[in-house]
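# Notes for the structure review
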Amino acid sequence: MSAADGRLRWLLRRGMKELDVLMERYHATRFEQAPAEEKGEFLRLITLAEDPDIWAWVMGYAEPPAEYRHIVEQLRAHH
């Protein structure tokens, strides 16, 4: 495992078990095949967004900002 892979694995671990599962599932099923733009959006999401916001967006409790709309749709699809 490279340092970058280790860092990504660390970032996938969230403060909520539900988000841990969601992020791990997306990473395992979609991330490697995702276009570069989607990968960048995912990395921005997991480094910049707060867990309660991510959860609210994925669950549909709140509308995600435009810059995260596509990745939130992907997370929902791999939920």
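The structure this text deals with has already been given above.
Conventions we followed
Residues numbered from 1 in each chain as written. Predicted model: local features only at pLDDT ≥ 70, side-chain atom pairs only at ≥ 80, totals over all residues. Heavy atoms only, no water. Phe/Tyr/Trp six-rings, centres within 6.5 Å; stacked < 30°, edge-to-face > 60°. Helix = DSSP H or I, 4+ residues; strand = E, 2+ residues; numbered from the N terminus. Buried < 20%, exposed > 50% of the residue type's maximum accessible area, 1.4 Å probe, protein only. Expected span 1.5 Å × (residues − 1). Lys, Arg positive; Asp, Glu negative; His and termini not counted. Salt bridge = Lys/Arg side-chain N within 4 Å of Asp/Glu carboxyl O. Contact = heavy atoms within 4.5 Å.

## Here's the deal with the packing of aromatic side chains
Under the counting rule described, the total for this entry stands at three aromatic pairs. For the pair Tyr 26 and Phe 42, a centre-to-centre distance of 4.6 Å together with 35 degrees between the ring planes defines the contact as tilted. Of this pair, Tyr 26 sits in helix α2 (residues 17-29) while Phe 42 sits in helix α3 (residues 36-48); the two residues are 16 residues apart in sequence, bridging distant segments of the chain. Each member of the pair, Tyr 26 as well as Phe 42, carries the same accessibility label: buried. Three or more aromatic residues joined by ring pairs form one cluster here, namely Tyr 26, Phe 31 and Phe 42.

## Description of α3
An α-helix turns once per 3.6 residues; consequently, residues spaced three or four apart project the same way. For α3, spanning 13 residues, the distance from its first C-alpha to its last is 18 Å, which sits close to the expected 18 Å at 1.5 Å a residue. All of the buried residues along α3 are Glu 38, Gly 40, Glu 41, Phe 42, Leu 45 and Ile 46.

## Digging into the side chain of Asp 20
With respect to the helices and strands, Asp 20 occurs in helix α2. Comment: no salt bridge for buried Asp 20; closest opposite-charge side chain is Lys 17, at 5.0 Å. Sequence-distant contacts of Asp 20, defined by excluding residues within four places in its chain, comprise Leu 12, Arg 13 and Arg 14.

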